[in-house]
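# Topology and contacts: notes
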Amino acid sequence: MTEEKGSNPMKEFLDKFFDLCREYQQEIPPHKMAEVLRDYADRLD
């Protein structure tokens, strides 16, 4: 897979997303985060 020059929006999104998850993992259990993501994915369909 070739890497495009410049920004990579997907990588930037995932980096920010995982930083956010790490920031809140002490207050929100991982299974609750997963539940929210499943609900969000369902709304996109």
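Located above this text is the structure these notes cover.
What counts, and at which threshold
- Residues numbered from 1 in each chain as written.
- Predicted model: local features only at pLDDT ≥ 70, side-chain atom pairs only at ≥ 80, totals over all residues.
- Heavy atoms only, no water.
- Salt bridge = Lys/Arg side-chain N within 4 Å of Asp/Glu carboxyl O.
- Helix = DSSP H or I, 4+ residues; strand = E, 2+ residues; numbered from the N terminus.
- Buried < 20%, exposed > 50% of the residue type's maximum accessible area, 1.4 Å probe, protein only.

As a further point, take the pattern of salt bridges. Applying the stated criterion across every chain yields a total of 3 salt bridges. Between Lys-11 and Asp-15 there is a salt bridge; the shortest N-O distance is 2.8 Å. Of this pair, Lys-11 and Asp-15 are both found in helix H1 (residues 9–24), 4 residues apart, which corresponds to roughly one turn of the helix. With relative accessibility at 36%, the residue Asp-15 sits in the partly exposed group. For Lys-32, the salt bridge goes to Glu-35, with nearest N and O atoms at 3.8 Å. Of this pair, Lys-32 and Glu-35 both sit in helix H2 (residues 30–44), 3 residues apart, which is roughly one turn of the helix.

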